[in-house]
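# Geometric and topological summary
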Amino acid sequence: MTRLNDILEKVQAYNPGADLNMIRKAYVYSALAHKGQVRLSGEPYLVHPIEVANIIADLKMDVASVTAGILHDTLEDTLTSMEELSTRFGEEVTNLVEGLTKISKISFKTSEERQAENFRKMILAMVKDIRVLIIKLADRLHNMRTLEFQRPEKQQAIARETLDIYAPLANRLGISWIKQELEDLSLRYLKPVIYAELEEKIARKKEESQEYIAKVIKIIERNLHHHKIDGTVTGRLKHLYSIYQKMVHQDITFEQVYDILAFRIIVNSIKDCYAVLGIIHSLWLPVPGRFKDYIAIPKTNLYQSLHTTVIGPDAEHFELQIRTEEMHHIAEMGIAAHWQYKEGYQLDEDERSQLDWLRQVLEWQGDVSNAGEFLESVKIDLFADSVYVFTPQGAVKELPKGATPVDFAYSIHTNIGDHCTGAKVSGKLVPLKYELKTGEIVEIITSNKQHPNKDWLHFVKTSKARNKIRHWIKKEEERRSIELGKELCEREFFRHKQSFNKDFKQGKFNEAAAQFSLNNADNLVAAIGRGKISALQVLYKLYPELRKSGKQDKKNKDDSRQKKKRQNNEGITIKDIDDVMVRFAKCCNPLPGDPVIGFITRGRGVTIHRKDCKHVLKSDPERQIEVDWNLTQQAIHQIKIRILCEDRRGMLAELSTVISSEDANISDVKVSTNIDRNAVCIFEIGVTNLKHLQQVINRLEQVKGVIEVQRLN
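Read on for a plain summary of the structure. Quick caveat, the model's predicted, so the values are computed rather than measured. (Residues numbered from 1 in each chain as written. Predicted model: local features only at pLDDT ≥ 70, side-chain atom pairs only at ≥ 80, totals over all residues. Heavy atoms only, no water.)

## Digging into the sheet that holds strand E9 (residues 420-425)
Our working definition: Note: two strands are recorded as paired if DSSP finds a minimum of 2 bridges between them. We count a stretch as a helix when DSSP gives it H or I for four or more residues in a row; a strand needs E for two or more, and each element gets its number in order from the N terminus. Angles shown run from 0 to 180 degrees and are taken between the N-to-C directions of axes, each axis being a line fitted to C-alpha atoms and, for helices, limited to the stretch in contact. Should any heavy atoms of two residues lie within 4.5 Å, those residues are considered in contact.
Overall, antiparallel pairing links the three strands, which are arranged E10-E9-E11 in an open sheet. At either end of the open sheet lies a strand with only one pairing partner, and these are strand E10 (428-430) and strand E11 (442-446). Neighbour to neighbour, the strand axes of the sheet diverge by 35° on average, direction disregarded. As paired strands, E9 and E11 are joined by five bridges and run antiparallel to one another. Bridge assignment links Gly-422 to a residue of E11, and that residue is Ile-445. Strand contacts of helix H18 (residues 405-412): E9, E10 and E11, with the helix running at about 80° to E11, the strand carrying the most contacts.

Below you can see the structure in the form of structure tokens.
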């Protein structure tokens, strides 16, 4: 367990002039404020803020950040007020603690609206002072280290949130060691069986590799000395989660991951970096396509290094990273490195460019009305690998891997994206869906007659492009919906000998709009055009006497009975819509328990999708409606799962037995063998809900020889 003196010694070591009394005072105050509180582990609650402060000290942050780490839960979990904190510790520390308190209740398992709003608050706090996020990452890291004391379902939720959001955020800030530890800890709770097997195999591989690592280091050191280059060489196995990712993405076993070893060479200058690269390539054959120069073109998180993969002694593949001491410091600490020895430090313009993506999120979030779109866009930006391309003037643009000329156009300006009609890449005309590659020069061709196309949503990669296209399409569909709504109203009103145009001009539709909880007449007419409200409903609101009471009441009762019957059959309740056909989307196969959304399809009723379905995320938000599962009825839903496993005798029978033992009926199975001689089994099974499916998957993952189990759309 960390002691206060451990923290004080660390801070004094990297910042001899630090005000250690501020940290001591925070420790005493936090101890009194949290007195009597205990964690789930049974330890005094004070252990948590002390460990958080210790992680912050490991990052060599300023005294204000270490102090805020000790005090970070006082506003939320004790009777402490902001005024009291400000009086005792000053405005800077208080602002950091307040920023942490505002984002501390983020839960990625609540409703999407709350989730999106909380994430917006988080971004605002980060833009105001990035130290808030650094302290939050330290808080999350210690919580992940002690996650074993939570309930299993809570472990899964927190680990998923960490892998989805906090590990990518650590990567964006360039703090690689926190990113890697968060990923490994998340995998431990999300895939416990796979994690345990991998941990054991990596431990064995580490023992086997010690001699080989020492051999390679000796060869490199000998050659550095021969060329009179001072440098430090280290070797290691890649971290567990990165190995797992390779296995999943390439459908291979642990034994087939060929570049599991990585070496790092740290030298004194950039000139030496390139000299060492030449030495390495003269010693061993480089693997084509695996060289990356992040020194000439740094990553957005300021990471710099040369990467190359070679075929070394005994035909073993391994990766090498070559960098200077300063580059290594930034690679490990990221943006936190800028606060070392710097009390009250302000980032300069180059350093603030690292945070441009945060400001971009704030800019384009105004174009996104749907919470699911907002969160999906954030995740796209967090996870993206990058390519680096050039404007004709030589400016560098960083875009996510797979980005197209349309993404490039929107990265320059919205108007250029909206009117993009073609592109030249390195002087040659290419399709708009062409995937850009690092080093290419991109020139955009525009036309005032060109407008965004809905098909662009199928291939653009950047959040900005996607949201700007959706924004334009939304405005255009709104215009068309108003035109169609007016046409439907004119027809219905004429049929009942009323004048739609007269009523609309006299403002009667504004009155009716309020009764439908809409802002104005245009919104009401647009809702009619989209099929959310019928023209007849509006007519009866304006002219109640036209409703034929007896016949209409009977029709309403019939409609109500029909709706109830449909809900029981389909298991779906639709808010504010009567008498509509319901069907389930084949693209995502929603199960009871999945978060779902309805999509109005003209002429085909409402289609039910999972909220994370890629087709919904690309669709018009105005045609989406809220739906809920009617869980009073339990029906069997057919779902497909894919099992990657060892190809051995009896495996299929073992898998089938496990599925049947979980009361899931097997209706179809297809088995094939991939190029790595592993078996790929596609089972179609009947389950009642999401929880039932997860039980089946969890049991299958425990079968010896199973590598991965996935739910298929």
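## Notes on the pattern of salt bridges
Applied cut-off: Salt bridges are defined by distance alone: a side-chain nitrogen of Lys or Arg within 4 Å of a carboxyl oxygen of Asp or Glu. Exposed residues in this analysis have more than 50% of their type's maximum accessible area, buried residues have under 20%, and partly exposed residues fall in between, with area computed by a 1.4 Å probe over protein chains only.
The tally for this structure, following the rule as stated, stands at 27 salt bridges. Measuring nitrogen to oxygen at the nearest pair gives 2.8 Å for the salt bridge that ties Arg-699 to Glu-662. Taken together, the residues span a long stretch of sequence, with Arg-699 in helix H28 (residues 690-701) and Glu-662 in the loop between helix H27 (651-661) and strand E19 (665-673) at a distance of 37 residues. The class for Arg-699 is partly exposed, based on a relative accessible area of 32%. The exposure class of Glu-662 is buried, given its relative accessible area of 17%.

## What to know about the packing of helix H22 (residues 508-515) against helix H24 (residues 535-542)
What counts, and what does not: Relative orientations are named as follows: roughly parallel for angles under 35 degrees, roughly antiparallel for angles over 145 degrees, roughly perpendicular for angles from 65 to 115 degrees, and oblique for any other angle.
Relative orientation of the contacting elements H22 and H24 amounts to 105°, with a least axis distance of 10 Å. The orientation of H22 with respect to H24, classified from their angle, is roughly perpendicular. Contacts from Lys-508, Phe-509, Ala-512 and Gln-515 of H22 reach H24 at Val-538, Lys-541 and Leu-542.

## Re helix H4 (residues 63-71)
Burial within H4 is extensive, with nine of its nine residues counted as buried. Of the positions making up H4, those classed as buried are Val-63, Ala-64, Ser-65, Val-66, Thr-67, Ala-68, Gly-69, Ile-70 and Leu-71.

## Some details on the pairing of strand E7 (residues 386-390)
In this sheet, strand E8 (residues 396-400) lies alongside E7 in antiparallel orientation, the contact comprising five bridges. Residue Phe-390 lies in a different strand from E8, and its bridge partner there is Val-396.

## Concerning the environment of Lys-218
With respect to the secondary-structure elements, Lys-218 resides in helix H11 (residues 192-226). Spatially, the C-alpha atom of Lys-218 lies 8.8 Å from that of Val-233, the residues being 15 residues apart in sequence.

## Some details on the environment of Gly-427
Within the fold, Gly-427 resides in the loop between E9 and E10. In this structure the C-alpha to C-alpha distance between Gly-427 and Glu-443, which are 16 residues apart in sequence, comes to 8.1 Å.

## Comments concerning unusual backbone geometry
For Ala-315, which is not a glycine, the phi torsion comes out positive at approximately 60°. Position of Ala-315 relative to the elements: it lies in the loop between strand E5 (306-311) and strand E6 (317-324). Given the relative accessible area of 54%, Ala-315 is considered exposed.

## Observations regarding the nonpolar core
Cut-off, in case you're wondering: Only buried residues count toward a nonpolar core. Its members are Ala, Val, Leu, Ile, Met, Phe, Trp, Tyr and Cys residues joined through side-chain atoms within 4.5 Å.
Counting 103 residues, the largest nonpolar core has Val-11, Ile-23, Ile-220, Ile-265 and Phe-318 as its most contacted members. What Ile-265 contacts, discounting residues up to four positions off in sequence, is Ile-220, Leu-224, Thr-232, Val-233, Val-276, Ile-280, Leu-320, Gln-321, Ile-322 and Arg-323. Within the second largest apolar cluster, 23 residues are counted, among which are Val-425, Ile-444, Leu-457 and Phe-459.

## Observations concerning helix H12 (residues 240-250)
The test is simple: This arc is taken over the directions from the axis of the helix to the C-beta atoms.
The set of residues buried in H12 consists of Leu-240, Tyr-241, Ile-243, Tyr-244, Met-247 and Val-248. Axial view of H12: buried residues confined to an arc of 160°, hence all on one face. Looking at the buried residues of H12, the elements they touch are helix H9 (152-172), helix H10 (176-190), H11 and strand E21 (706-712). The first or second residue beyond H12 is Asp-251, which carries a positive phi of 55°.

## Points about the sheet that holds E19
Across the sheet, four strands lie side by side as E19-E20-E18-E21; this open sheet has antiparallel pairing. Looking at which strands have only one partner, the edges of the open sheet turn out to be E19 and E21. Across the sheet, the axes of successive neighbouring strands diverge by a mean angle of 20°, strand direction being ignored.

## With respect to the environment of Lys-704
Positionally, Lys-704 belongs in the loop between H28 and E21. The spacing of Lys-704 and Cys-645 is 59 residues in sequence and 8.7 Å in space, taken between C-alpha atoms. Sequence-distant contacts of Lys-704, that is, excluding residues within four places in its chain, are made with Arg-648 and Met-651.

## Brief notes about a nonpolar patch on the surface
Convention followed: Only residues whose relative accessible area exceeds 30% and that form no salt bridge are eligible for patches; like-charged ones are grouped when within 9 Å, while nonpolar side chains (Val, Leu, Ile, Met, Phe, Trp, Tyr) are grouped when within 5 Å. Here, Shrake-Rupley sampling with a 1.4 Å probe gives the accessible areas, and only protein chains in the shown set may cover a residue.
There is a patch of nonpolar side chains on the surface, built from Leu-652, Val-669 and Val-671 and spanning about 220 Å² of accessible area. Relative accessible area serves as the criterion here: at 37%, Leu-652 is assigned to the partly exposed category.

## Let's talk about the packing of aromatic side chains
Threshold: What counts as a ring pair is set by centres within 6.5 Å for rings of Phe, Tyr and Trp (its six-membered ring), and what kind of pair is set by the plane angle: stacked under 30 degrees, edge-to-face over 60, tilted for all other angles.
The full count for this structure, using the stated rule, is 12 aromatic pairs. On the numbers, 5.5 Å between centres and 80° between planes, the contact of Trp-284 with Phe-318 is edge-to-face. With Trp-284 in the loop between helix H13 (270-283) and strand E3 (285-286) and Phe-318 in strand E6, this pair connects stretches of sequence that are 34 residues apart. Classification of Trp-284 as buried rests on a relative accessible area of 9%. What makes Phe-318 buried here is its relative accessible area of 0%. Look at Phe-500 and Phe-504: their rings are 5.6 Å apart centre to centre, the planes differ by 45°, and that puts the pair in the tilted class. Taken together, the positions of Phe-500 and Phe-504, both in helix H21 (residues 500-505) and four residues apart, correspond to about one turn of that helix. For Phe-500, a relative accessible area of 4% corresponds to the buried category. With relative accessibility at 23%, the residue Phe-504 sits in the partly exposed group. Connected via pairs of aromatic rings, a cluster forms that spans Tyr-212, Phe-263, Trp-284 and Phe-318.

By themselves these figures say nothing about function.
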